[in-house]
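Listed here are the chains, written in short residue letters.
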Amino acid sequence: MASVSAFTGIFLAALVYTCSATTIANRTACGVGDAQPNTRVNTTDRLIAFRTEMDKFTIQNRKLSAFIVGSADAHNSEYPTDYDKRREYISGFSGSSGTAVITKTKAAMWVDGRYHMEADTVLDCNWILMKEGYSDTPTIEEWINSEMTSAGEYVGVDKTLITHTDFTDMSSKLLAQSNRPVLKDVANSVNFVDKSWTSGRPAQPTKAINALKTTFAGKTWQDKISDLRKAMTAKSAAAYAVTTLDEIAWLFNLRGSDISYNPFFLSYAIVEANRIRLYILNKDSRLTAQPSDSESDQTLAVHLGTSNTGTCSDGSTCVEVLLYSQSQVESDLTTISNAGTVWVSYEANYAIYTAVSNNRLVEKSPVALVKSQKNSVERTGMQNAYNRDSAVLIKFLAYLEKEISDGNRWTEVSAALELDKRRAAATYNRGLSFPTISGYGSNGAIIHYRPSNDTDKVITDGSLYLLDSGGQYLDGTTDVTRTMHYGTPTDYQKECYTRVLSSAINLALLHWPEGIYGRQIDAIARQELWDAGLVYRHGTGHGIGAYLSVHEGPGRIRLTDTPTKSDEPLSSYQYFSDEPGYYEDNSFGVRLETVVMVNPYTPTYNTAGTNFFSFKAITLVPFETNLIDYTRMTSKQVAWLNDYNTKIRSDILPLLSGDQLAINWVNSRTNRVSLGVTCQGAGAIYPTAVFLISSIFTIVTAFRA
């Protein structure tokens, strides 16, 4: 799944494109008399109601000239609850990233390259589409300035829905503009989306919160709290405000279902030397509710060592559970900061940041990096989850290929539903990790395309089919993309696919010294494509959690000239996607995504006196041999592919027992590339002996299976 970008959406800014749409007149189907695509959401009444509420509001005796609506909730979540999807409601655009700016007369939406095509088909003609990455697309600050008719006009943003780093950055950029617009933090209680969203708003979540056994977590929450307190002591911090939902879920070994596709629950936590506070919705009923997960054997109260009402007798080892309330959390943090230093991360919202203005420490999260470096139990679980998930996907792909070959009708929607059903039946599965991206032909060129009845295409043998999917399992979170062609691809399609595959392999082959950031290696996965003038407009790799978020920080592999303050170098036992791609608008898309783990590596020479690392592939799904042009690959790339295919045979074939169709499908795609295949680079022609050995290996493996 293509990588996530930051709040402001300044993504791949170093790349220059030449065609954007920064006025409504330049939008698709927004001319006089143009028929509207049936995918568009009519937002006219919503914007009228929004502007009516905004016009009622004054701050320092002045009205706002504009208001900013981002994607995140109070916890900077990529996937908010349905209740918190404010930007989606006001605009109709449901992508995971995007920033809306609404003035008294105009509305504009900034999206990164993953959503350029999708946003144009969904946003109605009330909206100006700002395609980030194009040279003529203004930044949010530049556009706001151009809309201001006088100096010093006020621009509002809900202070709970923007990180303090983004607020500070945007405020300074606005003040640097010629009209010097002023960014004003508005209390959550007067959010204009909330005030205008008067009907049909989903309720806040109330489902059970489940304990995650240490057989999956690998470490008790008490030990994790102990480690956190040591980090706090080292920084002379009296408290750490835990504001991101994945950190809270990981820290307390808890999982919920408040957030779509992520096993989180709305919460805050405050950890002190002798007190632990956890704030959750519906705490009285949730504390004593029986676990909704069959693998969880404790109520929330028992797991946290607290009473059925959330009170504690020993605050150092018991978690005090309180009702989720933004104002209460802010008040408690203010009280603590009056006596000691409160540590907040760069991801904390602006309201939390200002609540501890008396005495605060702003640093990288002491939880995020440790969480991303999986312990031995988590590593075993992740590999087991990926093996099971790879087997599910292989069985489905083998079945789908035969169905299409037999002339049976399959569409993007029906294929996605079938795969989702099969994944749901797998051991330890707890749902999807994101909506399945199932795109045939031109729909595959829409990077974060989600099939619907309005856009559904029939899958045939005439073009490429891109399938990006993943699951949540008790022992891991999966994400895998493969691209297929069920007929005869063109030479150009094969070249594009092979360049994407070679790009992915180049990154997977890398060895690097300690201290390297993902932004320093991203270009390695683009070279093969850049050589031919091809680009893709998303990051190359995102971190992945262990039954947590499919997009996990603090490491990431993407091109950027503005790294976040939370960025960390790549380090042992972090997991990343390796997913270069190529997308030809209105034609086809190619993406190949294999999850890799950062592994310690021992180089031939140790003169540098530093640790080295490498990548280990844990996704084990064959690539589409029908689309590979081996003459475009180097001997080193082919050797990696051969080793990868050998690993698939040894680890995945046993999991396919009883499904001969899937076994044959794997065997046909994992033969060693050898005799008769000439590859660029020295030593690329394999001897006849290797061919014979590989043939014997194929026969033996099939017999054993």
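Coordinates for the structure precede this section.
All values reported here derive from a predicted model rather than from experimental measurement. For every chain, the first residue of the written sequence is number 1, and numbering continues from 1 along that sequence. In keeping with the predicted nature of the model, local features appear solely for residues at pLDDT of at least 70, side-chain atom pairs appear and are counted solely at 80 or more, and the whole-chain, interface and lining totals rest on all residues. In computing side-chain properties, one takes all heavy atoms of the structure into account and sets aside hydrogens as well as water.

Q: Describe the overall build of the protein chain, listing the residues and the values that go with them.
A: The way it works is that DSSP assigns letters per residue, a run of H or I at least four long becomes a helix, a run of E at least two long becomes a strand, and they are numbered from the N terminus. Secondary structure summary: the protein chain contains 21 helices and 29 strands in total. When the backbone C-alpha atoms are referred to their principal axes, the protein chain occupies close to 80 × 70 × 55 Å. Between two residues, a contact is recorded if the distance between any of their heavy atoms is within 4.5 Å. In the protein chain, of all internal contacts separated by at least 6 residues, the share reaching a separation of at least 24 is 71%. Residue-level accessible areas treat just the shown protein chains as cover; the underlying method is Shrake-Rupley with a 1.4 Å probe. Summed over all atoms, the accessible surface of the protein chain reaches about 26500 Å², with 50% contributed by carbon and sulfur. Each charge class in the protein chain was averaged separately, 65 positive and 74 negative side chains, and the resulting centres sit 2 Å apart. For this count, His and the chain ends are skipped, Lys and Arg are scored as positive, and Asp and Glu as negative. For the purpose of locating charges, the reference atoms are NZ of Lys, CZ of Arg, CG of Asp and CD of Glu.

Q: Help me get a handle on the state of the cysteines, residues and values and all.
A: Here, the term disulfide refers to a pair of cysteine sulfur atoms separated by no more than 2.5 Å. Applying the stated criterion to the full structure yields 2 disulfides. Note on cysteine connectivity: Cys-30 is disulfide-linked to Cys-125, with sulfurs 2.0 Å apart. The disulfide joining Cys-30 to Cys-125 has a torsion of about -90° about its S-S bond and is therefore left-handed. Of the two residues, Cys-30 sits in the segment before helix H1 (44-56) while Cys-125 sits in the loop between helix H3 (116-122) and strand E5 (127-131), which places them 95 residues apart along the sequence. In this scheme, a residue with accessible area under 20% of its type's maximum is buried, one over 50% is exposed, and one in between is partly exposed, where area comes from a 1.4 Å probe on protein chains only. With relative accessibility at 15%, the residue Cys-30 sits in the buried group. For Cys-125, a relative accessible area of 23% corresponds to the partly exposed category.

Q: Pulling in residues and values, what's your account of the packing of aromatic side chains?
A: For any pair of aromatic rings, the description rests on two quantities: the centre-to-centre distance and the angle between the ring planes. Planes of paired rings set the category: under 30 degrees apart is stacked, over 60 is edge-to-face and the rest tilted, where pairs are Phe, Tyr or Trp rings (Trp by its six-membered ring) whose centres lie within 6.5 Å. Following the criterion strictly, the structure yields 21 aromatic pairs and no others. The interplanar angle of 65° and the centroid separation of 5.6 Å between the aromatic rings of Phe-57 and Phe-192 together place this pair among those described as edge-to-face. Residue Phe-57 is found in the loop between H1 and strand E1 (58-59), and its partner Phe-192 is found in helix H6 (residues 192-196); the two are separated by 135 residues along the sequence. Of the residues examined, Phe-57 reaches a relative accessible area of 17% and is grouped as buried. When the ring of Tyr-240 is compared with that of Trp-343, the centres are 5.7 Å apart and the planes differ by 70°; the resulting orientation is edge-to-face. In this pair, Tyr-240 is assigned in strand E9 (residues 239-242) and Trp-343 in strand E14 (residues 342-344), connecting sequence segments 103 residues apart. Accessibility expressed as a relative area gives 0% for Tyr-240, which makes it buried. Here Trp-343 falls in the buried class, since its relative accessible area comes to 3%. Sitting over a ring, as applied to charges here, requires NZ of Lys or CZ of Arg to be within 6 Å of the ring centre and within 35 degrees of the ring normal. Lying over the aromatic face of Tyr-154, Lys-184 brings its terminal NZ or CZ to 4.8 Å of the ring centre. Sitting over the face of the ring of Tyr-536, Arg-526 holds its NZ or CZ atom 3.9 Å from the ring centroid.

Q: Tell me about the packing of helix H15 (residues 376-405) against helix H20 (residues 660-669), and please be specific about residues and values.
A: Between H15 and H20, the least distance of the axes is 8 Å, while the angle of their chain directions is 90°. Here H15 is positioned roughly perpendicular relative to H20, judged by the angle of their axes. Judged by residue contacts, Ile-394, Lys-395, Leu-397, Ala-398, Tyr-399, Glu-401 and Lys-402 of H15 engage Leu-661, Ala-662, Trp-665, Val-666 and Arg-669 from H20. Residues are sorted three ways: Asp, Glu, Lys and Arg are charged, Ala, Val, Leu, Ile, Met, Phe, Trp, Tyr, Cys and Pro are nonpolar, and all the rest, Gly among them, are polar. A class-by-class count of the residues in the contact of H15 with H20 yields 8 nonpolar, no polar and 4 charged. Think of each axis as a best-fit line through the C-alpha atoms, taken over the contacting stretch in the case of a helix, with angles from 0 to 180 degrees between the N-to-C directions. Our angle categories are set so that under 35 degrees counts as roughly parallel, over 145 as roughly antiparallel, 65 to 115 as roughly perpendicular, and the remainder as oblique.

Q: So what's going on with the sheet that holds strand E18 (residues 464-469)? Which residues, and what values?
A: Spatial ordering of the open sheet is given by E17-E18-E21, a layout of 3 strands whose pairing is antiparallel. Of all the strands in the sheet, the pair left with one neighbour each is strand E17 (437-440) and strand E21 (480-485). On average, each strand axis in the sheet is tilted by 10° relative to the strand beside it, whichever way the strands run. Against the sheet, helix H16 (residues 412-424) makes contact with E17, E18 and E21, and its axis sits at roughly 150° relative to E17, the strand it touches most. A strand pair is defined by DSSP finding two or more bridges across the two strands.

Q: Quick one: what's the story with the sheet that holds strand E15 (residues 360-362), residue by residue and with numbers?
A: Reading across the sheet, the 6 strands line up as E13-E12-E11-E9-E14-E15 and stay open at both edges, with mixed pairing between neighbours. Both outer strands of the open sheet, strand E13 (320-323) and E15, are each paired with one neighbouring strand and no more. Pairwise comparison of adjacent strand axes, ignoring direction, gives a mean angle of 20° for this sheet. Across 3 bridges, E14 lies against E15 in parallel orientation. Each bridged residue has a counterpart across the sheet, and for Val-342 the counterpart in E15 is Arg-360.

Q: Quick one: what's the story with H16, residue by residue and with numbers?
A: Compared with an ideal rise of 1.5 Å per residue, which puts 13 residues at 18 Å, H16 spans 18 Å between its outermost C-alpha atoms and is within 8% of the ideal. Within H16 the residues assigned to the buried category are Glu-412, Val-413, Ala-415, Ala-416, Glu-418, Leu-419, Asp-420 and Arg-423. Buried residues along H16 sit against H15, strand E16 (429-432), E17, E18, strand E19 (471-473) and E21. Helices are assigned an expected span. That span is 1.5 Å times one less than the residue count.

Q: Give me the lowdown on the environment of Ile-404, citing residues and values where you can.
A: Take Ile-404: it is sitting in helix H15. According to the relative accessible area criterion, Ile-404 is buried, its value standing at 12%. Sequence spacing of Ile-404 and Asp-461 is 57 residues, and the spatial spacing of their C-alpha atoms is 7.5 Å.

Q: Tell me about the environment of Lys-195, residues and numbers included.
A: For Lys-195, the location among the structural elements is in helix H6. Along the backbone, Lys-195 and Ala-49 are 146 residues apart, and their C-alpha atoms lie at a distance of 8.5 Å. Contacts of Lys-195, omitting those with residues within four sequence positions, involve Glu-53, Ser-189 and Val-190.

Q: Which residues make up the pattern of salt bridges, and what are the values?
A: By convention in these notes, a salt bridge is any Lys or Arg side-chain nitrogen within 4 Å of a carboxyl oxygen on Asp or Glu. Here the structure, examined in full by the defined rule, presents 40 salt bridges. Between Arg-591 and Asp-468 there is a salt bridge, with its nearest N and O atoms 2.9 Å apart. Pair noted here: Arg-591 is in strand E27 (residues 588-591) and Asp-468 is in strand E18, with a separation of 123 residues, a long-range link. Residue classification places Arg-591 among the buried residues on the basis of a relative accessible area of 0%.

Q: How would you sum up the side chain of Glu-418? Please name residues and give values.
A: With respect to the secondary-structure elements, Glu-418 resides in helix H16. Classification of Glu-418 by relative accessible area gives buried; the value is 15%.

Q: With reference to specific residues and values, describe helix H17 (residues 491-508).
A: Residue pairs spaced three or four apart in an α-helix point in one direction, given the helix's 3.6 residues per turn. For H17, which comprises 18 residues, the first-to-last C-alpha distance of 25 Å matches the rise-based estimate of 26 Å (1.5 Å per residue) to within 8%. Most of H17 is tucked away, with 15 of its 18 residues classed as buried.

Function-wise, these values are silent; they only describe arrangement.
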